[in-house]
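Structural overview for review
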Amino acid sequence: MSTLYRLPDRDEKHVGTASGIDPRGMVEAEALPTSAPHALARGSLAATAIAGAIAMAVTMGFGRFSYTPILPAMMADAGLSPADAGLIASANFVGYLAGAVLAAYGWAHGHERRIGLAALAATTLLLAMMGLTSSVLVYSAIRFLAGLASAFAMIFVSGIVLGQGLLAKSEHVPSVHFGGVGFGIALSSLCVWAAPLAGVAGLSASQGDWFTGALVALAGTVLVAALLPGSEHVGNGAGREAPLSWTRPLAVMTLTYGFFGFGYVITATFLVAMARDPGGGHSVEFLAWLITGISAALSIYLWRFSVPRLGLAGVYAAGLLVEAAGLMLTISLPSPYAPLVGGLMLGATFMMVTAYGLQIGRQLAPESPRRALAFMTAAFGIGQIVGPLVAGWLAERTGSFALPTLVAAVVLFCCGAVVVVELPRIRAALGR
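Quick look at the structure, then. For clarity, every value in this text was computed on a predicted model and none was experimentally measured.

**A word on the pattern of salt bridges**
Counted according to the given criterion, the structure contains two salt bridges. Across the pair Arg 425 and Glu 422 runs a salt bridge whose closest N-O atoms are separated by 3.4 Å. Taken together, the positions of Arg 425 and Glu 422, both in helix α14 (residues 402-430) and three residues apart, correspond to about one turn of that helix. Here Arg 425 falls in the partly exposed class, since its relative accessible area comes to 41%.

The following block contains the structure:
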């Protein structure tokens, strides 16, 4: 998941540090008003943060990641092969990459709230549409559009929520807002486990799962529409940036970030399917994805305590190595412990590595931060598009997800090792 936002740097002395995240570190989706009040009413700010969390739960937890817990039922109901599943997953990531690139332009200026809500409504509709077909081609088209909607909702809603948090100098708004991703993942696992619509009116298990998710997303969209404030805009946005200067530290960060996209997404796509393969049972599938969501919701908050000791680049490297270790445990531990540990370590790392990697890249290119974010996002997007394709192909030929998981672990370990070797140069470039 490419979450384009910025986390605090302990040595920075600007207003963004107070909020924890500078929304201008996204893709310049929203310009902050210069005449806005310095503090917002506490109740209004809390409502805004909750709206952001619900929006992230709908668009990311359900719109993007509910595919993972529903996938085993889809494979059984529609006869999908691992290669088919990988193709459908990649289509979603292609859509997300396209949406992130499109959102970087100024066409949405002044209409962020309207577009964000429309994207949430589209997510709801597309979730329901997944229960109306069994065609790989149609599945792929729907997931492409769902990826597009996820990118729009994430970027435009985040711009509003984080902008309000920045103005209020609140360090809690970003944590609540992006914690919604993990909350959505956990809630999606509960919905699939309970399967309240399965068996009703002749629905298959996967149809019941998709329709249930659509109903939850609809309720969430209504709540966001009621709670999310509008925003004021001034000026014409940021000026033209200087051409990007490719230093060695920036090249290392961009390459490792792209390969991280390849490595993390294999487990993020197939974790629940792996839990079913060894006969772990429905409860293990549910627990694996629930643990992923809970640990993801807490990860950014917990990892920030390591920044004073390790620095941003050190924490980024640690996250890559911890996730690689988690993947190795996923294929070496016996069932049912393997998917549970894999889910825990995936959730504990993937959001933090995504966020910290983008922050480092932005700081390595102070004259052209948006260009650096664009290149890193593109690298990440390519990695997470290729990952499911390669994993599905290998799993289909070996009859197991062990080999693709091993490949992902090796890739992540190599990325972490490269960053560790380059730490002195990266720290010097960051000025700390």
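Moving on, there is more to tell.
**Thoughts on the environment of Phe 259**
For Phe 259, the position within the fold is in helix α9 (residues 248-276). Overall, Phe 259 belongs to the partly exposed group, its relative accessible area being 44%. Distance from Phe 259 to Ala 408, taken between C-alpha atoms, is 9.0 Å for residues 149 residues apart in sequence. Here Phe 259 is in contact with Val 411, Leu 412 and Cys 415, once residues within four sequence places are set aside.

**Brief notes about the packing of aromatic side chains**
Overall, the coordinates contain twelve aromatic pairs when judged by the stated rule. Plain terms: the ring middles of Trp 193 and Phe 286 are 4.9 Å apart, the flat faces sit at 25° to each other, and that makes the pair stacked. Of this pair, Trp 193 sits in helix α7 (residues 172-194) while Phe 286 sits in helix α10 (residues 282-303), placing them 93 residues apart in sequence. By relative accessible area, which is 12% here, Phe 286 ends up buried. The interplanar angle of 5° and the centroid separation of 5.6 Å between the aromatic rings of Tyr 264 and Phe 350 together place this pair among those described as stacked.

**Side note on the environment of Trp 289**
In this fold, Trp 289 is placed in helix α10. Separated by 102 residues in the primary sequence, Trp 289 and Leu 187 place their C-alpha atoms 9.4 Å from one another. Sequence-distant contacts of Trp 289, that is, excluding residues within four places in its chain, are made with Phe 65, Thr 68, Pro 69, Ile 185, Ser 188, Ser 189, Ala 268, Leu 271, Val 272 and Leu 346. Within the structure, Trp 289 has its side chain in polar contact with the side chain of Ser 188 (distance 3.4 Å).

**Some points on a nonpolar patch on the surface**
On the surface, Ile 294, Leu 298, Tyr 301, Leu 302 and Phe 305 cluster together to form a nonpolar patch covering roughly 500 Å² of accessible area. Within the element layout of this structure, Phe 305 appears in the loop between α10 and α11 (307-332).

**Focus on the packing of helix α6 (residues 136-167) against α7**
Interaxial distance between α6 and α7 falls to 8 Å at its minimum, and their mutual angle equals 155°. Relative to α7, α6 is oriented roughly antiparallel. Read as a crossing pair, α6 and α7 show a hand that is right-handed. Facing α6, whose interface residues are Val 157, Ser 158, Val 161, Leu 162 and Gly 165, α7 presents Val 173, Pro 174, His 177 and Phe 178. For the contact of α6 with α7, a count of residues per class yields six nonpolar, three polar and no charged.

**Side note on the state of the cysteines**
The final tally for this structure, using the stated rule, is zero disulfides. Free of any disulfide, Cys 414 has its nearest cysteine sulfur in Cys 415, 7.1 Å distant. Of the residues examined, Cys 414 reaches a relative accessible area of 41% and is grouped as partly exposed. Taking the relative accessible area as the measure of exposure, Cys 415 reaches 4% and is therefore buried.

Analysis parameters
Residues numbered from 1 in each chain as written. Predicted model: local features only at pLDDT ≥ 70, side-chain atom pairs only at ≥ 80, totals over all residues. Heavy atoms only, no water. Salt bridge = Lys/Arg side-chain N within 4 Å of Asp/Glu carboxyl O. Helix = DSSP H or I, 4+ residues; strand = E, 2+ residues; numbered from the N terminus. Buried < 20%, exposed > 50% of the residue type's maximum accessible area, 1.4 Å probe, protein only. Contact = heavy atoms within 4.5 Å. Phe/Tyr/Trp six-rings, centres within 6.5 Å; stacked < 30°, edge-to-face > 60°. Polar contact = N/O pair within 3.5 Å; in protein donor to acceptor, adjacent residues only side chain to side chain. Patch = residues over 30% accessible without salt bridge, like charges linked within 9 Å, V, L, I, M, F, W, Y side chains within 5 Å. Areas by Shrake-Rupley, 256 points an atom, 1.4 Å probe, with all protein chains shown as cover. Axes fitted to C-alpha atoms, helices over the stretch in contact; angles between N-to-C directions. Parallel < 35°, antiparallel > 145°, perpendicular 65-115°, else oblique. Left-handed = near helix turned anticlockwise from the far one by under 90°. Nonpolar A, V, L, I, M, F, W, Y, C, P; charged D, E, K, R; others polar. Disulfide = S-S within 2.5 Å.

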